[in-house]
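Structural overview
If you want the building blocks of each chain, they are given just below.
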Amino acid sequence: IENAIAGIRDDENRLDATLASITSQAEGLRLEQAEAYRALARVRLDALAGEKVTGSLDRAEREALKLLAEKRRALEEIAERRAAATKSLKSAQATRHGIAGRLEDVVGRMDALRAKTQERLKSDPAWRAAADKVAEAEEIARKADAKADQAEADRTAKGAPYEADKLFMYLWANGFGTSKYAAGPFVRFFDRKVAKVCGFIEARPNYAMLLEIPLRLREHSDRKAAAVAEEVAKRTVIEREALEADGIGPLEVEFASVKAEIEAGNAGIATVQSDLAALDASHGALVAGDDPEIARAMEGVAASLASTDIRTLWAQAYETPTPEDEKIVQRIEDHGQRIARAEAELEETRATVREVARRRAELEDTRERFRRSGYDRPGVTFNNESMLGNVIGGIIGG
């Protein structure tokens, strides 16, 4: 009996898997059919909007057509505003390009004046002296920087032996031999012995100098670099005075004025571009077909079509000149038939599940009665095993 119950439970598990598979298949078919109804709704509304369909309309179709008309008017309005904004943008950009041409002309005249002034300064004694000082300062700074680099490289190479000596670095880190050293008498005693072992007293000045030299040379290099900047500033003063004498001032004023015009034009262009971007977003939402109101209207039409008899759907499809809706109705009908078969199979499988559960319950009840009668005790036997087997087999087989 227990083996028979276990076998029935295996059957129930297989039936559960079959039930889940058929249910999933039916759900997929319903989703595909729902999508087909939505596709039919779109085709139907396109035909209605183009006045290609005669006859009465239901409430969902009237509401959807009204909403589509409103959206169409909104799209036309946005299209007009986009066209106006685009025209305004082109005009503003053309104006800015014209101003940019004027700015380039001013820049060209300024560059020509600077070149002329620079050429004249080559024979000016004050500028030549300032230029020589700049060159001299740059050479000194270059050599100072090279010395600092070399000292830093030497510090790395020559400092390696000191830094590899753990005893030396221990004493160095604690400031042994300097005012920083603050160890007590006991530690001092042993530190002095460690210093003798590693030769710290003799080596410390050399290591300190090795660390100090790169720092001092780098500071010297930085001072020489600053001196270069000072000499360049002096030369720049002479160059600026020469430019002003040659008439750079009025050109700079003209440059600032034209540049201000460009910046004002850029601000206006940015405003128009921002407006245009907002219009583009609204236009994109309207033409993309993802408007939530339109989606709801389409769902309403799809639901209305889903509740319509298939013969009526065929009749409505034949009213339109396009064959697209006929293909969709055929798909809907095919899905309907497959769904019906799946539902019939589902009902049959559920009935089988119920029947198998009933048989298992009978066997479990029998098992409990046998136990209550003590038939599961050791040593109990049956003279009619074959008959009992037939009975149990009959229960399992229904």
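Here we look at helix 5 (residues 185-198)
With 14 residues, helix 5 should cover 20 Å at 1.5 Å per step; its first-to-last C-alpha distance of 20 Å lies within 8% of that length. Along helix 5, the positions that sit buried rather than exposed are Asp-191, Ala-195 and Cys-198. Relative to the axis of helix 5, the buried residues are bounded by an arc of 75° and lie together on one face. Within helix 5, the exposed residues directed more than 90 degrees away from the buried face are Pro-185, Phe-186, Lys-196 and Val-197. In this fold, the buried residues of helix 5 make contact with helix 4 (166-173) and helix 6 (200-245).

Structural notes on the nonpolar core
If you look at the biggest cluster of nonpolar residues, it comprises eleven residues: Phe-168, Leu-171, Phe-176, Tyr-181, Ala-183, Ala-195, Cys-198, Phe-200, Ala-203, Tyr-207 and Leu-210. Counting only elements with at least two residues in this core, the list comes to helix 4, helix 5 and helix 6. Ranked by residue count, the leading element in this core is helix 6, at four residues. When neighbours within four sequence positions are excluded, Ala-203 is seen to be in contact with Tyr-162 and Phe-168. Residues Tyr-37, Leu-40, Val-43 and Ile-328 belong to the second largest nonpolar core, which totals nine residues.

A look at a nonpolar patch on the surface
There is a patch of nonpolar side chains on the surface, built from Tyr-170, Phe-186, Val-187, Phe-189 and Phe-190 and spanning about 500 Å² of accessible area. If one sorts the elements of the nonpolar patch by residue count, helix 5 sits on top with four residues. When you line up the elements, Phe-189 lands in helix 5.

Observations regarding the environment of Arg-102
Summarising the element assignment, Arg-102 is placed in helix 2 (residues 59-121). Along the sequence, Arg-102 and Phe-255 sit 153 residues apart, while their C-alpha atoms lie 9.0 Å from each other. Excluding anything up to four places from it in sequence, Arg-102 contacts Val-258 and Glu-261.

Focus: the pattern of salt bridges
With the rule as written, the count across this model stands at 33 salt bridges. Note that Arg-216 and Glu-219 form a salt bridge whose closest N and O atoms lie 3.4 Å from each other. On the criterion of helical spacing, the pair formed by Arg-216 and Glu-219 is a turn pair, its members being three residues apart in helix 6. Judged by its relative accessible area of 38%, Glu-219 is partly exposed. Because the salt bridges share partners, they merge into one network encompassing Glu-2, Arg-367, Glu-368 and Arg-371.

Here we look at the confidence of the model for the chain
Of the residues in the chain, 82% have a pLDDT of 70 or more, and the chain-wide mean is 83. For residues 52-57, every residue scores under 50 in pLDDT, and the model assigns this stretch 14 contacts once sequence neighbours within four places are set aside.

A few points about the packing of helix 4 against helix 6
Axis separation between helix 4 and helix 6 bottoms out at 11 Å; the angle between their running directions is 70°. Between helix 4 and helix 6, the angle is such that the two are roughly perpendicular. For the pair formed by helix 4 and helix 6, the contact residues are Phe-168, Met-169, Leu-171 and Trp-172 on the first element and Phe-200, Ala-203, Arg-204, Tyr-207, Ala-208 and Leu-211 on the second. Residue classes in the contact of helix 4 with helix 6 are distributed as nine nonpolar, no polar and one charged.

Thoughts on the packing of helix 3 (residues 125-164) against helix 6
Angle between the axes and distance between the axes are the two parameters that describe a pair of packed helices. Between helix 3 and helix 6, whose axes approach to 8 Å, the crossing angle comes to 160°. Put simply, helix 3 runs roughly antiparallel to helix 6. Handedness of the helix 3/helix 6 crossing: left-handed. Taken together, the residues of the contact of helix 3 with helix 6 break down into 24 nonpolar, four polar and 15 charged.

What counts as what
- Residues numbered from 1 in each chain as written.
- Predicted model: local features only at pLDDT ≥ 70, side-chain atom pairs only at ≥ 80, totals over all residues.
- Heavy atoms only, no water.
- Helix = DSSP H or I, 4+ residues; strand = E, 2+ residues; numbered from the N terminus.
- Expected span 1.5 Å × (residues − 1).
- Buried < 20%, exposed > 50% of the residue type's maximum accessible area, 1.4 Å probe, protein only.
- Arc of directions from axis to C-beta.
- Contact = heavy atoms within 4.5 Å.
- Core = buried A, V, L, I, M, F, W, Y, C linked by side-chain atoms within 4.5 Å.
- Patch = residues over 30% accessible without salt bridge, like charges linked within 9 Å, V, L, I, M, F, W, Y side chains within 5 Å.
- Areas by Shrake-Rupley, 256 points an atom, 1.4 Å probe, with all protein chains shown as cover.
- Salt bridge = Lys/Arg side-chain N within 4 Å of Asp/Glu carboxyl O.
- pLDDT = per-residue confidence, 0-100.
- Axes fitted to C-alpha atoms, helices over the stretch in contact; angles between N-to-C directions.
- Parallel < 35°, antiparallel > 145°, perpendicular 65-115°, else oblique.
- Nonpolar A, V, L, I, M, F, W, Y, C, P; charged D, E, K, R; others polar.
- Left-handed = near helix turned anticlockwise from the far one by under 90°.

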